[in-house]
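Fold and geometry: a report
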Amino acid sequence: MEGGGRDDDDVPQLSEHTLAALQEFYIEQQHKESMKSGPGYDKFSVGAVEEDWQLSQFWYSDETALCLAKEAVEACGGSGRIACISAPSIYQKLKGLGGDRVFVRLLEYDRRFSVYGEDFIFYDYNEPLKLPEDIEQNSFDIVIADPPYLSEQCLQNTAQTIQYLTRDKILLCTGAVMKDLAAQILGLSECKFIPQHTRSLANEFRCYSNFLLGLDSKS
């Protein structure tokens, strides 16, 4: 090797505890990958695609994802068109609920979700109206959105997409700090139902909608 090498004695050594933790991590990753090729693997289960914190991904709990998916199906009358913007765990539950009766599309930046074939639409909130030609304006009965970042610009851009896609109904999941902005730009009201995630988040999360949630009437 050219340049300034270093003696082996100078190379930092990992502790036994760290090595054991790394080995456990790699074994767990190998197990997860092997499960994906097994006969019982469900690519539509929440967590089938792991969270990427660098993309600000935090999946809903199974119960929350299922509740919101059921809400969407009821909102479109049991058979209709549903768009999920940056909400893959709700999309995954919808695929198990709606069957062929519900037309669902997932708009998502993470290309790992391209495993869902034509249901996947690459989406970058920085280009809110850059959508495929076959996605027509006001062509979805309900749009469910969970913007990836708690920023005014992110919500404003995502709102453009929501308004383009929806015929009427909107269900937004985002931080409690976005309440006033959600009301201002989309006319949404805070719901009673509080979404839960698989991991604890520093920011309080809420749901906002422009229609009465069945979940709220039951609470």
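Structure: above.
Residues numbered from 1 in each chain as written. Predicted model: local features only at pLDDT ≥ 70, side-chain atom pairs only at ≥ 80, totals over all residues. Heavy atoms only, no water.

**Some points on the overall build of the protein**
When helices and strands are tallied, the protein shows 6 helices and 7 strands. Shown N-terminal to C-terminal, the secondary structure of the protein runs as helices and strands in the order α-α-β-α-β-β-β-α-β-α-β-β-α. With 219 residues in all, the protein has 42% of them scored as buried. When contacts within the protein are restricted to residue pairs at least 6 apart in sequence, long-range pairs at least 24 apart make up 64% of them. (Helix = DSSP H or I, 4+ residues; strand = E, 2+ residues; numbered from the N terminus. Buried < 20%, exposed > 50% of the residue type's maximum accessible area, 1.4 Å probe, protein only. Contact = heavy atoms within 4.5 Å.)

**Topic: the sheet that holds strand E5 (residues 166-175)**
Strands sit in the order E3-E2-E1-E4-E5-E7-E6 across an open sheet of 7 strands; the sheet is mixed. Edge positions in the sheet fall to strand E3 (120-122) and strand E6 (189-190), since each of these pairs with one other strand and no more. Relative to strand E4 (residues 140-145), strand E1 (residues 81-85) runs parallel, the two sharing 4 bridges. Counted as the bridge partner of Cys-84 is Ile-144 from E4. (Pairing = 2+ DSSP bridges.)

**Thoughts on the pairing of E1**
Each regular strand carries side chains that alternate between the two faces of the sheet. For E1, a buried count of 4 out of 5 residues is recorded, marking the element as mostly surrounded by other parts of the structure. Bridge analysis of E1 against strand E2 (residues 103-108) gives 5 bridges, and the strand direction is parallel. Along E2, the bridge assignment pairs Arg-81 with Phe-103.

**Structural notes on the pattern of salt bridges**
Inspection of the entire model under this criterion finds 9 salt bridges. Lys-93 is the salt-bridge partner of Asp-62, the closest N and O atoms lying 3.3 Å from each other. A residue pair is termed long-range when its members are at least 10 positions apart, and Asp-62 in helix H2 (residues 62-75) and Lys-93 in helix H3 (residues 88-98) qualify at 31 residues. Overall, Asp-62 belongs to the partly exposed group, its relative accessible area being 45%. Where Arg-167 meets Asp-141, a salt bridge forms, and the shortest distance between an N and an O atom there is 2.7 Å. On the criterion of sequence distance, the pair formed by Arg-167 in strand E5 and Asp-141 in strand E4 is long-range, its members being 26 residues apart. Since its relative accessible area comes to 48%, Arg-167 is described here as partly exposed. Connected via shared salt-bridge partners are Lys-179, Glu-190, Glu-204 and Arg-206. (Salt bridge = Lys/Arg side-chain N within 4 Å of Asp/Glu carboxyl O.)

Read these as spatial facts, not as claims about activity.
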